[in-house]
Amino acid sequence: MARILLFGSGSIGTAYAFILCRAGAEVVCVCRSNYEAVKCNGFRIESTVFGNHTFKPTVVRSVTEAVGLKEEAFDYIVICTKSYPGENSTVASKISPAMSSHTTNIVLIQNGLGIENEFKTYFPSSPIISGVAYMPTTQVSPGFVVHTELERLHLGMFPASNSLTDKTLLEKFANLINKGGATAILHEDVQVQRWKKIIANGTWNPVCALSRCRDVEFLQSSAFASEFIKNAMSEVCMLAESLGYADEINAESIEWQMSRTRARPWPGVEPSMMADMRKGRGMEVEAVIGYMIKMAKENSIAVPRLETLYVLLAGLDFYFRMEEQKSSDQKLGMLL
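Here is what the cut-offs are and how they apply
Residues numbered from 1 in each chain as written. Predicted model: local features only at pLDDT ≥ 70, side-chain atom pairs only at ≥ 80, totals over all residues. Heavy atoms only, no water. Helix = DSSP H or I, 4+ residues; strand = E, 2+ residues; numbered from the N terminus. Rg over C-alpha atoms; globule rule 2.2 N^0.38 Å. Buried < 20%, exposed > 50% of the residue type's maximum accessible area, 1.4 Å probe, protein only. Contact = heavy atoms within 4.5 Å. Areas by Shrake-Rupley, 256 points an atom, 1.4 Å probe, with all protein chains shown as cover. Lys, Arg positive; Asp, Glu negative; His and termini not counted. Charge placed at Lys NZ, Arg CZ, Asp CG, Glu CD. Pairing = 2+ DSSP bridges. Axes fitted to C-alpha atoms, helices over the stretch in contact; angles between N-to-C directions. Patch = residues over 30% accessible without salt bridge, like charges linked within 9 Å, V, L, I, M, F, W, Y side chains within 5 Å. Salt bridge = Lys/Arg side-chain N within 4 Å of Asp/Glu carboxyl O. Expected span 1.5 Å × (residues − 1). Polar contact = N/O pair within 3.5 Å; in protein donor to acceptor, adjacent residues only side chain to side chain.

Asks: For the overall build of the protein chain, give the residues involved together with the corresponding values.
Replies: Each helix and strand counted, the protein chain has 13 helices and 12 strands in total. For the protein chain, the C-alpha radius of gyration of 20 Å lies close to 20 Å, the compact-globule estimate for 336 residues. Each principal axis of the C-alpha distribution contributes one length, and for the protein chain these read about 60 × 60 × 40 Å. In the protein chain, buried positions account for 51% of the 336 residues. Of the contacts formed within the protein chain by residues at least 6 apart in sequence, a portion of 72% connects residues at least 24 apart. Total accessible area on the protein chain stands at roughly 15500 Å², and carbon and sulfur atoms take up 53% of it. Side chains of the protein chain give 33 positive and 35 negative charges; the mean places of these two sets differ by 6 Å.

Here it is as structure tokens:
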């Protein structure tokens, strides 16, 4: 039986905890704000794909607590937190107590580009599996997650590899996902899939957060909305082309992403940044769009729409983080 530590038990983490539990793995979930609810009632998932279920894996408050449960090492540490470049090293330090064995593999199921680099720097000799998930989920209350539309997990090694050892490692984890009733697809270079997903994530996330419209709502908001989204997506494709991905990331990729949106019922989906915006929380600005702007500047590629979205989104994110700091300072002042 595979032994898995899941770090980041929010919406996407809950979905994969369910899948891995259903595959027969021993799953230990590190929970934060939802710990009390999950400890008492377990996780609840309502899915148009998997049905409605309640499940109760082992839950802990910290990695140190998880390590103390038994001496046996974890086979995988699955990280499903939001990705904040510069802060991923903090996540790496938090999981380090569980990385004492050379047999423990890291699995990153996170949005964005360049998210693997800090983990590879922190754990240079540890195998890293990079995962690109299509799993629209929302945590509507602590421990209660709603999932709709589709599920798919693209997996590949970081850095890209086609060695027999890495292929075997990938297949073992993919078998767990498939056994749990989900779909895992293996790739020699999974970064192609990251770029395919960022076509949508790098445009719809900031647009919906800034406009306060869901994707289908935004398309109906003006006569220019659809053209703007397609042109912004074309800028993403230009960046991918500069990396040699022109055969895989192109107009066809844009049409596939647009067709997904057009097929959705009104009012469409609420991307993760929009959900964070509604709650006044920090957003994955740098991983989802900032990395592309940095790359564009380094390669002298003009991406005016993406740059505008980035500047406005970074400003909104800065405001939210200032407000969070004010609230934290006020609470601290009340305690003193």
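Once you've had a look at it, read on.
Asks: Explain the sheet that holds strand E6 (residues 76-79) to me, and be specific about the residues and the numbers.
Replies: Strand order in the open sheet formed by 8 strands is E5-E2-E1-E6-E7-E8-E11-E12, with mixed pairing between adjacent strands. If you trace the sheet from one side to the other, it starts and ends with strand E5 (58-60) and strand E12 (184-186), each paired once. Between one strand axis and the next, the sheet turns through 25° on average, direction left out of account. With 3 bridges connecting them, strand E2 (residues 26-30) and E5 associate as parallel partners. Bridge assignment links Val30 to a residue of E5, and that residue is Val60.

Asks: Quick rundown of the sheet that holds strand E9 (residues 137-141)? Include the residues and the values.
Replies: Strand order in the open sheet formed by 4 strands is E4-E3-E10-E9, and the pairing between neighbours is mixed. The open sheet has two edge strands, strand E4 (51-55) and E9, and neither has a second partner. Neighbour-to-neighbour, the strand axes of this sheet turn through a mean angle of 20°, independent of strand direction. In this structure, strand E3 (residues 43-47) lies alongside strand E10 (residues 144-147), joined through 4 bridges in parallel fashion. Bridge pairing links Ile45 to Val145 in E10. Contacting E3, E4, E9 and E10, helix H1 (residues 11-22) crosses the sheet at an angle of about 85° to E4.

Asks: Account for a nonpolar patch on the surface, naming residues and giving values.
Replies: A cluster of nonpolar side chains, namely Phe318, Tyr319 and Met322, defines an oily patch on the protein surface of about 320 Å² accessible area. Note on placement: Met322 falls in helix H13 (residues 304-335). Judged by relative accessible area, Met322 falls into the partly exposed class, the value being 36%.

Asks: Tell me about the environment of Ala73, and name the residues and values.
Replies: Mapping Ala73 onto the fold places it in the loop between helix H3 (63-67) and E6. For Ala73, a relative accessible area of 30% translates into the label partly exposed. Sequence separation between Ala73 and Ser100 is 27 residues, and the spatial gap between their C-alpha atoms is 7.8 Å. Apart from the residues lying within four places of it in its own chain, the contact partners of Ala73 are Arg3, Ser101 and Thr104.

Asks: Describe H1, naming the residues involved and giving the relevant values.
Replies: Across its 12 residues, H1 extends 17 Å between first and last C-alpha, which sits within 8% of the 16 Å expected from 1.5 Å per residue. Within H1, 9 of the 12 residues are buried, which leaves the element mostly enclosed by the surrounding structure. Within the span of H1, buried status applies to Ile12, Gly13, Thr14, Ala15, Tyr16, Ala17, Phe18, Ile19 and Leu20. Where H1 ends, the next residue or the one after it, Gly24, has phi of about 95°, a positive value.

Asks: Which residues make up the side chain of Asp215, and what values go with them?
Replies: Within the element layout of this structure, Asp215 appears in helix H8 (residues 215-219). On the basis of relative accessible area, Asp215 is assigned to the buried category, the value being 1%.

Asks: Can you break down the pattern of salt bridges residue by residue, with the values?
Replies: Applying the stated criterion across every chain, the model contains 17 salt bridges. Here Glu36 ties to Arg61 by a salt bridge, and the two come within 2.5 Å at their closest N and O atoms. Linking Glu36 in helix H2 (residues 35-41) with Arg61 in the loop between E5 and H3, this pair joins segments that are 25 residues apart in sequence. Residue Arg61 is classed as partly exposed on the basis of its relative accessible area, which comes to 48%. Between Glu46 and Arg44 there is a salt bridge, with its nearest N and O atoms 2.3 Å apart.

Asks: Tell me about the side chain of Thr14, residues and numbers included.
Replies: If you trace the backbone, Thr14 turns up in helix H1. The class of Thr14 is buried, set by a relative accessible area of 0%. Of the polar contacts made by the side chain of Thr14, one reaches the backbone oxygen of Gly10; its length is 2.6 Å. Apart from residues lying up to four places away in sequence, Thr14 is in contact with Ser9, Phe43, Phe55 and Val145.

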